[in-house]
Amino acid sequence: MSTASPPRSLPPELDRPLDPWLARMEPRLRPVLERHHDNLVALCRSLEQAGHSSDVIRACIRDLLASYEAELAHSLLQEEPAS
Amino acid sequence: MTYMSAIKFADEPGRIAALYRYEILDTDPEQEFQDITKLVRTLFNVPIAAISLVDVDRQWFKAIDGLGISETPRSVAFCDYTLRSADPVAVEDATQDPRFVANPLVTGAPAVRCYLGVPLTTPEGYNLGSLCVIGTEPRSFSPADEQVLASFARLVVSQMELRMEARRDMLTGALTRRAFSDALQAAAEEAAAGEAPASLILFDIDHFKYVNDRWGHPAGDEVLRAVSEAIVCELRPADRLGRLGGEEFGVLAQVMEADEALALAERVRQAVAALRVPCLQGHAVTVSGGVASWHPSRPDQAEWVAAADVALYTAKRSGRNRIVEAFGSLLHAT
């Protein structure tokens with residue numbers, strides 16, 4: 001996990017602790033989601049350092065979160081195979 | 001980020017196996033990857049952005065924005081240079097770079113001039129391909145540009161991981177029924193095209209309902225995990241395990257003929273029979289199995305599965321804890 005300081009303009013969609021809902025997840029999924037969250041935060045930082053506006057950063061994150069929402073929902077709502 | 005291993009540049013077989021584990025090659029376009037290339041293309045203001053995955057002898061694009069091709073030979077891929085690097089690879093003007101001056105992508109369409117690529121590196125340390133931006137004018141990229149693209153590249157990899165996990169059964173880690181069906185369909189098409197033989201093995205745990213009824217569902221879950229682990233131990237990296245039903249598993253063994261598949265199924269049967277699941281207090285676990293290789297007489301997936309199913313049913317009816325092979329209309333029991 002990165003120890004660099006968070007970007008100044010971290011979008012609220014990312015600025016929430018993951019722990020409460022990670023704890024309810026399948027153990028196998030947790031490190032994958034943590035990595036994805038870390039990568040999104042790192043992207044915010046690099047976009048900020050490259051001089052992009054907070055509006056651009058927020059739009060990027062919003063689009064990216066919407067993209068992987070379907071995969072995440074599928075993983076979380078996976079039904080047990082029928083016997 | 002400190003959770004990545006050192007990059008294993010010399011292990012090409014391992015790299016290819018790692019790429020195949022993501023089961024992403026030759027799949028349909030997917031929104032989350034296309035959104036990344038669209039965003040990158042806009043942010044960098046370039047004509048082309050792509051997610052390239054480098055296979056044995058080709059580069060295949062999971063997403064490409066600004067160019068209507070799906071793959072190129074590996075020999076002309078700029079991304080093959082990126083693959084061999086731990087850092088971004090920047091080309092300011094390809095016509096002045098001896099590595100690319102004679103490249104057909106430079107001398108012909110799309111007339112590549114500038115390129116910035118960042119390797120897609122898995123947590124285990126394999127470079128699978130690259131995320132790249134391509135321009136048709138010379139251009140120099142800044143360190144900040146490289147950092148932005150590197151951030152997107154890490155997202156591509158974690159997106160691939162999330163996608164892979166979404167295709168896995170939560171309890172056993174095997175492919176879901178749907179994901180296994182996709183793999184079977186692809187294998188049937190390759191076999192029909194004469195590209196590679198393939199075999200399907202269906203396993204069903206014997207008397208599983210008895211285990212659940214006597215020791216409870218947590219014990220049943222432990223049996224499912226133990227059986228799936230026993231199966232995986234016998235498989236090659238390219239083989240696929242799917243959980244198809246409550247206590248039914250499927251194995252897709254690619255590039256494998258019938259006799260090898262029968263031997264594999266028998267090894268699995270013996271491995272399962274040797275299991276000792278502590279919560280079952282000495283009760284033995286066994287599986288029955290049905291084997292069917294792809295055959296021109298049953299060219300599509302449904303017929304192929306049906307053949308394996310009939311073989312499995314025959315194994316159950318003739319006493320369980322055995323393997324039966326379907327071959328045309330003949331059955332062969334171990």
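Procedures and definitions
- Residues numbered from 1 in each chain as written.
- Chains lettered and ligands numbered in written order.
- Predicted model: local features only at pLDDT ≥ 70, side-chain atom pairs only at ≥ 80, totals over all residues.
- Heavy atoms only, no water.
- Axes fitted to C-alpha atoms, helices over the stretch in contact; angles between N-to-C directions.
- Helix = DSSP H or I, 4+ residues; strand = E, 2+ residues; numbered from the N terminus.
- Parallel < 35°, antiparallel > 145°, perpendicular 65-115°, else oblique.
- Contact = heavy atoms within 4.5 Å.
- Phe/Tyr/Trp six-rings, centres within 6.5 Å; stacked < 30°, edge-to-face > 60°.
- Buried < 20%, exposed > 50% of the residue type's maximum accessible area, 1.4 Å probe, protein only.
- Lys NZ or Arg CZ within 6 Å of the ring centre and 35° of its normal.
- Pairing = 2+ DSSP bridges.
- pLDDT = per-residue confidence, 0-100.
- Salt bridge = Lys/Arg side-chain N within 4 Å of Asp/Glu carboxyl O.

S.K.: Looking at this structure, I do not really get the packing of helix H2 (residues 31-44) of chain B against helix H5 (residues 143-166) of chain B. What am I missing?
M.R.: Helix packing geometry: the angle between the two helix axes and the distance between the axes. Residues and elements named next belong to chain B. Interaxial distance between H2 and H5 falls to 10 Å at its minimum, and their mutual angle equals 175°. Between H2 and H5, the interaxial angle falls into the category roughly antiparallel. Each of Glu-32, Phe-33, Ile-36, Leu-39, Val-40, Leu-43 and Phe-44 in H2 lies in contact with H5, whose residues at this interface are Asp-145, Val-148, Leu-149, Phe-152, Val-156, Gln-159, Met-160 and Arg-163.

S.K.: Just checking my understanding: could you explain the packing of aromatic side chains for this structure?
M.R.: Pairs of aromatic rings are described using the distance from one ring centre to the other and the angle between the two planes. Residue and element names in this part refer to chain B. Tallying each qualifying case throughout the model produces four aromatic pairs over all chains. Here the aromatic rings of Tyr-81 and Phe-100 are separated by 4.9 Å at their centres, their planes lie at 75°, and the arrangement is edge-to-face. In this pair, Tyr-81 sits in helix H3 (residues 79-83) while Phe-100 sits in the loop between strand E4 (89-91) and helix H4 (104-107), placing the two residues 19 residues apart along the sequence. Note on Tyr-81: relative accessible area 30%, which makes it partly exposed. Take Phe-100: its relative accessible area is 1%, and that puts it in the buried class. Here the aromatic rings of Tyr-210 and Trp-215 are separated by 5.8 Å at their centres, their planes lie at 85°, and the arrangement is edge-to-face. Assessed through its relative accessible area of 38%, Tyr-210 is described here as partly exposed. Ring pairs connect the aromatic residues Phe-78, Tyr-81, Phe-100 and Tyr-115, which therefore count as one cluster. Over the ring of Tyr-81 we find Arg-99; its NZ or CZ atom is 5.5 Å from the centre of that ring.

S.K.: Sorry if this is basic, but what is going on with the pairing of strand E2 (residues 58-65) of chain B here?
M.R.: Working note: regular strand, side chains alternate between the two faces of the sheet. Residues and elements named next belong to chain B. The element E2 is extensively covered by neighbouring structure, given that seven of its eight residues are classed as buried. Bridge count between strand E1 (residues 48-54) and E2: six bridges; the pairing is antiparallel. Bridged to Ser-52 within E2 is Phe-61. In textbook terms, the turn of a hairpin is the stretch between consecutive antiparallel strands, and for E1 and E2 this stretch comprises three residues.

S.K.: Can you help me understand the confidence of the model for chain B in this one?
M.R.: As a note on interpretation, predicted positions should not be read in detail where pLDDT is low. A residue-level look at chain B finds 96% of positions with pLDDT of 70 or above and a mean pLDDT of 92. With pTM at 0.73, the complex prediction returns an ipTM value of 0.73.

S.K.: Help me understand the sheet that holds strand E6 (residues 127-135) of chain B in this model?
M.R.: The strands making up a sheet associate through backbone hydrogen bonding, with each pair oriented either parallel or antiparallel. Residue and element names in this part refer to chain B. The six strands lie next to each other as E3-E2-E1-E6-E5-E4, forming an open sheet whose pairing is antiparallel. The open sheet has two free edges, formed respectively by strand E3 (71-73) and E4, since each of these has just one partner strand. Looking at each pair of strands side by side, their axes are set apart by 25° on average, direction ignored. Bridge count for strand E5 (residues 114-121) against E6 is eight bridges, and the pairing is antiparallel. Across the sheet, Val-118 pairs through a bridge with Leu-131, a residue of E6.

S.K.: Teacher, can you tell me more about unusual backbone geometry here?
M.R.: For residues besides glycine, phi is generally negative; the peptide bonds are generally trans as well. All names here are of chain B. Between Ala-109 and Pro-110 the backbone carries a cis peptide bond, its omega angle lying at 5°. Residue placement: Pro-110 occurs in the loop between H4 and E5. Residues other than glycine seldom take positive phi values, yet Ala-111 does so here, at roughly 60°. Within the fold, Ala-111 resides in the loop between H4 and E5.

S.K.: Explain the pattern of salt bridges to me, please; I cannot follow it from the model alone.
M.R.: Oppositely charged side chains can form a pair if their charged atoms are brought close together. All names here are of chain B. With the rule as written, the count across this model stands at 23 salt bridges over all chains. The residue Lys-62 makes a salt bridge to Glu-30 at a minimum N-O spacing of 2.7 Å. You can see Lys-62 sitting in strand E2 and its partner Glu-30 sitting in the loop between helix H1 (12-21) and H2, a full 32 residues away along the chain. With a relative accessible area of 4%, Lys-62 lands in the buried category. Classification of Glu-30 as buried rests on a relative accessible area of 15%. One salt bridge in this structure joins Arg-267 and Glu-234, with 3.5 Å as the shortest N-O distance. Note that Arg-267 is positioned in helix H9 (residues 258-273) and Glu-234 in helix H8 (residues 217-234), a separation of 33 residues in sequence. Note on Arg-267: relative accessible area 41%, which makes it partly exposed. When its relative accessible area of 25% is taken as the criterion, Glu-234 is described as partly exposed. In this structure, a network of salt bridges that share partners links the residues Glu-12, Arg-15, Arg-74, Asp-80 and Arg-84.

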